[in-house]
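Overview (structure and organization)
Each chain is listed here by its residues.
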Amino acid sequence: MIKYLFTFIICFSSYVLMAQEPVIIEGDLIPAFVTEGDNKLKKLSRNGIRIPMACVSFSVESVGKELGTVIETKMPFVVSNITFSVAENQMQNAEVSVKIYKIYEENLVNVIQIPLRQNIPITEDMLSFRIIPQQRIELESGKYFIGIRLEKTVAASEDKMIFPLYVKDSYARDSEKAPLRKFGGANIGLTVYGTKINK
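The text that follows walks through the structure, step by step, so that each part is easy to find. Since the model is a prediction, treat every value here as computed from it, not as a measurement.

**Section: the overall build of the protein chain**
The helix and strand tally for the protein chain stands at zero helices and 19 strands. In the protein chain, buried positions account for 48% of the 199 residues. Sequence-distant contacts, at least 24 apart, represent 77% of the contacts inside the protein chain between residues at least 6 apart. Within the structure as shown, the protein chain displays about 10400 Å² of accessible surface, and the carbon and sulfur contribution to it stands at 50%.

Written out as structure tokens, the structure reads:
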């Protein structure tokens, strides 16, 4: 399969997807799996290559919306930290949260008891964030939706929070009770790290 991403701006339920250089992606998109790494450390693998000059953004209208990826775990593990990057942020008092839901057919069940929240400062430079859970989060084998939700902001309508994009399918929800829908073949690059559970 060959996908072409040309110069475009698409507004889709308050998300904006931009690609300013033509990019050719060859081959099928590989599903994301949690696999074992060195020292029993797990991470979200097959994160995909970063797409040059491409991004997705939140606006003030995106408050309450979620954007992320579906992963499949092959073994139970404990989440140790979650990482993501923001390419630029123009929104004041912006706060996001990382959400993890187990997928049961078409139902999503929240597995986080203590919210994983992060304040995002105004920046013109790429910033990387690492969120460490304050509770033990055990994920059984199965499929999960892991996403970022814009919790709140004080911003003008034209202000944006911009994320870099990577080659991998992404999914979105317009609210916590809305159904999960496929968003496209590019993802914001959320990565989950954890350790194997010995049972």
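Read on, since the account is not over.
**Some details on the packing of aromatic side chains**
Per the stated rule, a full pass over the model turns up three aromatic pairs. Residues Tyr101 and Phe145 carry aromatic rings whose centres are separated by 6.2 Å and whose planes lie at 15 degrees to one another, so their mutual orientation is stacked. Here the residue Tyr101 occupies a position in strand 11 (residues 92–104), and Phe145 occupies one in strand 16 (residues 142–154), the gap between them amounting to 44 residues. Among the residues examined, Phe145 registers a relative accessible area of 0% and is labelled buried. Over the ring of Tyr193 we find Arg130; its NZ or CZ atom is 5.8 Å from the centre of that ring. Taking the ring centre of Tyr101 as reference, the NZ or CZ of Arg173 above it sits at 4.5 Å.

Each value, and the rule that gives it
- Residues numbered from 1 in each chain as written.
- Predicted model: local features only at pLDDT ≥ 70, side-chain atom pairs only at ≥ 80, totals over all residues.
- Heavy atoms only, no water.
- Helix = DSSP H or I, 4+ residues; strand = E, 2+ residues; numbered from the N terminus.
- Buried < 20%, exposed > 50% of the residue type's maximum accessible area, 1.4 Å probe, protein only.
- Contact = heavy atoms within 4.5 Å.
- Areas by Shrake-Rupley, 256 points an atom, 1.4 Å probe, with all protein chains shown as cover.
- Phe/Tyr/Trp six-rings, centres within 6.5 Å; stacked < 30°, edge-to-face > 60°.
- Lys NZ or Arg CZ within 6 Å of the ring centre and 35° of its normal.

Note that every value here comes from positions in space, so none of it alone points to a role or purpose.
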